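Observations on the three-dimensional arrangement
The primary structure of each chain is shown beneath.
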Number of protein chains: 2
Amino acid sequence: MTVLDELAAGLPADALITDSASTDAYRFDEASFCAAGAPLAVVRPTETEQVQHVLRVASAHRVPVVPQGARSGLSGAANAVDRGIVLSLTRMDRILEIDPVDQVAVVEPGVLNAVLSRAVLEQGMYYPPDPSSWELSTIGGNLATNAGGLCCVKYGVTADFVRGLEVVTASGELLRTGRRTAKGVAGYDLTKLIVGSEGTLGVITKATLGLKPAPEAALTMAAAFASAADALSAVTRLMAAGLQPSLCEFLDAVTVRAIQDYRDMGLPTGAGALLLTQSDRGPRAAEDVEAMGAICTALGALDVAVASDATESEMLMQARRIVHFAVEKLGSTLIDDVAVPRARLVELLDGITAIAEEHDVVVSCPGHVGDGNMHPTVIFDRGDPAAVERAQKAFDAIMQLGLALGGTITGEHGVGVLKREWLETELGPLSLDLHRKIKEAFDPLGILNPGKVLASG
Amino acid sequence: MTVLDELAAGLPADALITDSASTDAYRFDEASFCAAGAPLAVVRPTETEQVQHVLRVASAHRVPVVPQGARSGLSGAANAVDRGIVLSLTRMDRILEIDPVDQVAVVEPGVLNAVLSRAVLEQGMYYPPDPSSWELSTIGGNLATNAGGLCCVKYGVTADFVRGLEVVTASGELLRTGRRTAKGVAGYDLTKLIVGSEGTLGVITKATLGLKPAPEAALTMAAAFASAADALSAVTRLMAAGLQPSLCEFLDAVTVRAIQDYRDMGLPTGAGALLLTQSDRGPRAAEDVEAMGAICTALGALDVAVASDATESEMLMQARRIVHFAVEKLGSTLIDDVAVPRARLVELLDGITAIAEEHDVVVSCPGHVGDGNMHPTVIFDRGDPAAVERAQKAFDAIMQLGLALGGTITGEHGVGVLKREWLETELGPLSLDLHRKIKEAFDPLGILNPGKVLASG
């Protein structure tokens, strides 16, 4: 039997798509400059057994399998591979359980982050990881990339909320990792090894996620600065002061201008940077945002606004919410994701400005600065080959700068295809060798998302 | 050259101990019923280069190396191996850096948990992991076992506060994992793979630990119940109510009696269980502990005390602080460490009572019940072989019960020698096979703490 015949033999008819007109829609995620192959088939399972069937057939025929969620990723990790199977998990989208006593949710990988977040909130609980894509990205994709978000500065990232996984291995076996309990140290932490492995070690078919009690409504502080350096100094000061922002976002001059051009947000003339912070510490929130505002004022902010209720808080957040749309108006975008120690943020931003000048590109620089995580976004004209080349050179230079400042090439977007060469630089040969051996332990035939994270061969 | 000659060639004289009178003191940790071998030598390095030297020599001669901290562990993971090298890291005890902006501490493995905790507190910060052994256990040991503690119910375990490691591999190379930044997803999470691996994958020589701002002083609620089931129901109710205890400890009837016999704590007559909770939510703490107390009252508590200040809070905690001493008065102890879903705690305790009766042993049962983590402690007479056998049978039955209730054999103490057969039961063959392959990837010669966690061969 052919691969397709064997696949069909264990799947409902509507779970297997083979005509290229339809499979083409599954080739790319949201990354720029990442090649994608033409898949042999797209499989859309609804049950774990179907996933096991796909992996068994794939192993028998040594056919690559690319696990895929909502394709909202920014590194090409979900891009199709030539003659491979795209395994789209979006139809496995059940919330199996929400338990307020154990404070866990048990979910399938295709559940949208927003659907889960709202479902647990209805029961007074909170699933913190909130990537900007939360309305459209799946929990499976969030797990595969160890997604971050805006709340990480206080609550941590996806991995911090994963207790256990059900994973289909490369050979189609069912692996259970971790546990349901709040604590547990039996054996190596395979759960966190698989989280963030971008589909290269196994296919997650079920996850037990930890929840927290819902926080109280947050209050917002917004400060406009003439100088980005002053805004970033405010970040290091407020962290050193022990304030605990539940959000700490920065917009640089290019981003502020793009926002103002997109929609007048009434920002003061001469604003070269915007800092947005929140506190959700209930009765302490008001004094927290006041204290944050006072730090900004002391550092010469042009304007400081401190919300006194949820409505004002939401209004102050508007500028942040339209960043994506405003920046996309400027041209094609190549979004980076470096993270550096907080104290090096000013150097990072100065360096990015220098890189933009050197390579004659425009770089917009919004960032989750509470985590030292910037998203320098190179804006370019896709129709101009010289501009494309300049954009790519600037992108590389920014990663090199991030590493030189003691940081990482990726704070939350992952490696995928986009950064696999840079990963080798960050890890070094010894760590890379261990990565390859771990990959080999889980996937000896190399069929799981080959060429992602680690270069093939 | 002999192994000892080669070791000596790269070490200061005072770092190498070979006379058995001296090395004997390094053979055992605090576990009961765990065999220990007679080591060839004890090495007490002060620098990472010395650790590398030891591993290079050990690799060349295929000599086992047992990394060791304060030997306060409870699973035999630090026990010496016959003709092996004990690598005691207690002299590598420098705090290299405390950074309030990045909220990290960089430390060597021999730093005592208490020393680090106090040092960061002096700078307004908080290193939450607080195993009961915190005054004498080292950070390296805490990392190796992924230690928990009393604050885990709110703040998490050791792994949740580790950002990056410097690790000497089996071959003596220097591996750097993770990062200093708050976020980072470059490659597989080798950091968390090594944390909790009990010295079987590498020797941690430096750690970058995440800190939090110091919490406000906690208030305590103490409730005495006639029935343990009611006390444990109070736990599930207060968690489901979204209260966020920063401590949630339980003492069963045997433990309460042992405490009263040790020192009169003025507990009400007929007290069959004691529940202690805290809140550290600043202005919300008073209403939190009142709400916790109200839940206990509604469940028929004999006595509920709610502290209104730090002094009263500390007084209410006294009973918990003397548990260890009070229980040790009863006889030799074999301490278990099962964790179950919170909703199964009553079944766990009922089952333990039945096991104690069946095997004719006394079991004291204190627990971090907010995490579902119990420490059933079998009390026995070490001089009576029949009693020893009964104790071991009861111990095994408790682990079996924990697994049957959807729990784990170890919430925070680790596997070591004590539970390696039980680990195989918990993991199953597929996970165990992956564990062995990962071990092989890091330690192809099998020299790192052989026979710990995974049975040899």
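The name recorded for chain A in an unreviewed UniProt entry is Glycolate oxidase, from Pseudonocardia hierapolitana. You can read under Cofactor (unreviewed entry) in the UniProt record for chain A the words "FAD". Of the comments in the UniProt record for chain A, the one headed Sequence similarities (unreviewed entry) reads "Belongs to the FAD-binding oxidoreductase/transferase type 4 family."

1. Digging into the overall build of chain A
The helix and strand inventory of chain A stands at 15 helices and 20 strands. In summary, chain A has a C-alpha radius of gyration of 22 Å against a globular reference of 23 Å for 457 residues, a match within 12%. Taken over the C-alpha atoms alone, chain A extends approximately 70 × 60 × 40 Å along its principal axes. Counting over 457 residues, chain A shows a buried share of 62%.

2. Focus: the sheet that holds strand β3 (residues 65-68) of chain A
Residues and elements named next belong to chain A. Spatially, four strands are ordered β1-β2-β4-β3 in an open sheet, and the strand pairing comes out mixed. On the outer flanks of this sheet lie β1 (16-17) and β3, each paired with one strand and no other. Pairing geometry for β1 and strand β2 (residues 41-43), over two bridges, is antiparallel. Along β2, the bridge assignment pairs L16 with V43. Seen against the sheet, helix α3 (residues 48-61) touches β2, β3 and β4 (85-88) and runs at an angle of roughly 165° to β4.

3. A short note on the state of the cysteines
In the structure shown here, the tally under the stated rule is zero disulfides over all chains. The closest cysteine sulfur to the non-disulfide-bonded C248(A) is located on C296(A), 8.8 Å from its own sulfur.

4. So, the interface of chain B and chain A
Taken together, the 75 residues of chain B in the interface contact 76 residues of chain A. A buried area of about 5800 Å², summed over both sides, lies between chain B and chain A, and 64% of it is on carbon and sulfur atoms. Ranking the residues of chain B by area buried against chain A places K183(B), V185(B) and Y188(B) at the top, with a combined share of 17%. There are eight salt bridges connecting chain B and chain A. Close ionic contact of D371(B) with K183(A) constitutes a salt bridge, the shortest N to O distance being 3.6 Å. On the surface where chain B and chain A come into contact, there are 20 residue pairs in polar contact (both at pLDDT 80 or more).

5. Some thoughts on the pattern of salt bridges
This model, assessed by the stated rule, comprises 49 salt bridges over all chains. The network of salt bridges with shared partners includes E216(A), R281(B), R284(B), E287(B) and D288(B).

6. Details of the pairing of strand β6 (residues 104-107) of chain A
Residue and element names in this part refer to chain A. Across the two faces of β6 the burial is the same, with V104 and V106 and A105 and V107 all buried. Here strand β5 (residues 95-99) runs beside β6; their pairing, made up of four bridges, is antiparallel. Each bridged residue has a counterpart across the sheet, and for I95 the counterpart in β6 is V107. As consecutive antiparallel partners, β5 and β6 are separated by four residues, and within that stretch Q103 has a phi angle of approximately 55°, a positive value. Here β6 runs beside strand β10 (residues 203-210); their pairing, made up of four bridges, is antiparallel. From the neighbouring strand, V104 faces β10, where its bridge partner is G210.

7. Description of the domain arrangement of chain A
All names here are of chain A. We note that the domain assignment places domain 1 (3-88), domain 2 (95-213), domain 3 (219-322) and domain 4 (326-404) within chain A. At the junction of the two partners, domain 2 supplies six residues and domain 3 supplies ten residues. Put simply, domain 2 and domain 3 have one salt bridge between them. The partner of D280 in a salt bridge is K154, with the nearest N and O atoms 2.7 Å apart. Our enumeration of links across domain 2 and domain 3 arrives at two residue pairs in polar contact (both at pLDDT 80 or more). In terms of residue class, the side of domain 2 that touches domain 3 is made up of four nonpolar, one polar and one charged.

8. Structural notes on helix α4 (residues 113-121) of chain A
Among the residues of α4(A), N113(A), A114(A), L116(A), S117(A), A119(A) and V120(A) are the ones counted as buried. Buried residues in α4(A) make contact with β5, β6, β7 (125-126), α5 (139-145) and β10 of chain A.

9. Some remarks on the nonpolar core
If you look at the biggest cluster of nonpolar residues, it comprises 198 residues, and the most contacted ones within it are F442(A) and F442(B). Residues within four places of F442(B) in sequence aside, it is in contact with L434(A), I438(A), A170(B), L175(B), L190(B), L193(B), I194(B) and L201(B).

10. Examining the side chain of E249(A)
All names here are of chain A. Along the chain, E249 turns up in strand β13 (residues 247-252). Reaching out from E249, the side chain makes a polar contact with the side chain of H368 at a distance of 2.6 Å. Not counting the four nearest positions on each side in its chain, E249 is found in contact with L150, L274, L275, L276, R320, G367, H368 and V369.

11. Examining the environment of L87(B)
Residue and element names in this part refer to chain B. In this structure, L87 sits in strand β4 (residues 85-88). Taking the C-alpha atoms as reference points, L87 and V51, 36 residues apart in sequence, are found 8.0 Å from one another. The residues contacting L87, other than those within four sequence positions of it, are V43, P45, V51, V54, L55, V65, V66, P67, Q68 and V203.

12. Some points on the relation of the copies chain B and chain A
Note on the identical chains: chain B maps onto chain A by a rotation of 180° and an axial translation of 0.0 Å, with an RMSD of 0.0 Å. Taken together, the rotation angle and the small translation identify this as a two-fold axis. Take the interface residues of chain B: 100% of them recur as interface residues in chain A, which is what a same-surface contact looks like.

13. Quick word on the packing of helix α14 (residues 385-404) of chain B against helix α15 (residues 420-442) of chain B
Residue and element names in this part refer to chain B. At a closest axis distance of 11 Å, the pairing of α14 and α15 adopts a crossing angle of 15°. Accordingly, the angle class assigned to the pair α14 and α15 is roughly parallel. The two elements α14 and α15 meet at a crossing, and its hand is right-handed. Within the contact between the two elements, α14 uses D396, M399, Q400 and L403 and α15 uses W422, T425 and E426.

14. Concerning the environment of G416(B)
Examined against the element boundaries, G416(B) turns out to sit in the loop between α14 and α15. With sequence-adjacent residues up to four places away left out, G416(B) is seen in contact with S75(B), G76(B), A77(B), E198(B), G451(B), K452(B) and V453(B).

15. Overview of the packing of aromatic side chains
Counted according to the given criterion, the structure contains six aromatic pairs over all chains. With a centroid separation of 5.3 Å and 25° between ring planes, the pair formed by F33(B) and F380(B) is classed as stacked. Taken as a pair, F33(B) in the loop between α2 (20-23) and β2 (41-43) and F380(B) in strand β20 (residues 377-380) lie far apart in primary sequence, 347 residues in all. The class for F33(B) is partly exposed, based on a relative accessible area of 30%. Geometry around F33(A) places R382(A) over its ring, the cationic atom sitting 6.0 Å from the centre.

16. Comments concerning helix α15 (residues 420-442) of chain A
Counted at 1.5 Å a residue, the expected span for α15(A) with its 23 residues is 33 Å, but the 19 Å between its end C-alpha atoms falls short. The axis of α15(A) is deflected most strongly, by about 110°, at G428(A), and proline P429(A) appears within four residues downstream.

17. A word on the sheet that holds strand β8 (residues 162-168) of chain B
All names here are of chain B. Judged by pairing direction, the sheet is antiparallel, and its five strands sit side by side in the order β5-β6-β10-β8-β9 without closing on themselves. Strands with a single pairing partner mark the edges of an open sheet, and in this sheet they are β5 (95-99) and β9 (174-178). Taken pair by pair, the neighbouring strands of this sheet meet at an average axis angle of 10°, ignoring direction. With five bridges joining them, β8 and β9 adopt antiparallel strand pairing. Bridged to V168 within β9 is L174.

18. Focus on unusual backbone geometry
Notably, R83(A) is not glycine yet its phi reads approximately 60°, a positive angle. Of the residues examined, R83(A) reaches a relative accessible area of 60% and is grouped as exposed.

19. A look at the environment of M239(B)
Structurally, M239(B) is set in helix α8 (residues 228-240). Placed 131 residues apart in sequence, M239(B) and G370(B) show a C-alpha to C-alpha distance of 7.8 Å. When neighbours within four sequence positions are excluded, M239(B) is seen to be in contact with P100(A), V101(A), Q103(A), V153(B), P245(B), R342(B) and G370(B).

What counts and what doesn't
Numbering of residues starts from 1 in each chain and follows the order in which that chain's sequence is written. Chains carry letters and ligands carry numbers; both start at the beginning, A for chains and 1 for ligands, and go up in the order they are written. In view of the model being predicted, local features appear only for residues whose pLDDT reaches at least 70, and side-chain atom pairs are presented and counted only at 80 or more, with totals across whole chains, interfaces and linings using the full set of residues. Water and hydrogen atoms were dropped before computing side-chain values, which therefore reflect all heavy atoms in the structure. UniProt positions are given in the numbering used here, feature names are shortened, and annotations may be inferred rather than shown by experiment. A run of H or I in DSSP becomes a helix once it reaches four residues, and a run of E becomes a strand once it reaches two; helices and strands are each numbered from the N terminus. All radius of gyration figures rest on C-alpha atoms, and the globule criterion is 2.2 Å times the number of residues raised to 0.38. To sort residues, take the accessible area from a 1.4 Å probe on protein chains only and compare it with the maximum for the residue type: under 20% means buried, over 50% means exposed, and anything in between is partly exposed. Two strands make a pair as long as DSSP finds a minimum of two bridges between them. Throughout, a contact is declared for two residues whenever any of their heavy atoms are within 4.5 Å. Orientation is described by axes fitted as lines to C-alpha atoms, over the contacting stretch for helices, and by angles from 0 to 180 degrees between their N-to-C directions. When two cysteine sulfur atoms lie within 2.5 Å, the pair is treated as a disulfide. Once two parts are put together, the accessible area they lose, assessed with a 1.4 Å probe and summed over both, is termed the buried area. Salt bridges are defined as contacts in which a side-chain nitrogen from Lys or Arg sits within 4 Å of a carboxyl oxygen from Asp or Glu. N or O atoms closer than or at 3.5 Å make up a polar contact, with two conditions inside protein: a donor-capable atom paired with an acceptor-capable one, and, for residues adjacent in sequence, both atoms drawn from side chains. The domain limits used here are those given by an automatic or database domain assignment. Only Asp, Glu, Lys and Arg are considered charged in this grouping, and only Ala, Val, Leu, Ile, Met, Phe, Trp, Tyr, Cys and Pro are considered nonpolar; every other residue, Gly among them, is considered polar. The criterion is simple. A nonpolar core is a set of buried Ala, Val, Leu, Ile, Met, Phe, Trp, Tyr and Cys residues joined through side-chain atoms within 4.5 Å. Superposing the copies works by least squares over the C-alpha atoms of residues that have pLDDT at least 70 in both of them. Comment on the angle field: the value is read as roughly parallel under 35 degrees, roughly antiparallel over 145, roughly perpendicular from 65 to 115, and oblique elsewhere. Should the near helix be turned anticlockwise from the far one by less than a right angle, the crossing is left-handed, and should it be turned clockwise, the crossing is right-handed. We call Phe, Tyr and Trp rings a pair once their centres come within 6.5 Å, taking the six-membered ring for Trp, and we label the pair stacked below 30 degrees between planes, edge-to-face above 60, and tilted otherwise. Two conditions define a charge sitting above a ring: the NZ of Lys or the CZ of Arg must be within 6 Å of the ring centre, and it must be within 35 degrees of the ring normal. A helix's residues, less one, multiplied by 1.5 Å, set its expected span. To obtain the bend at a residue, axes are fitted to the seven residues ending there and to the seven starting there, and the angle between these axes is taken.

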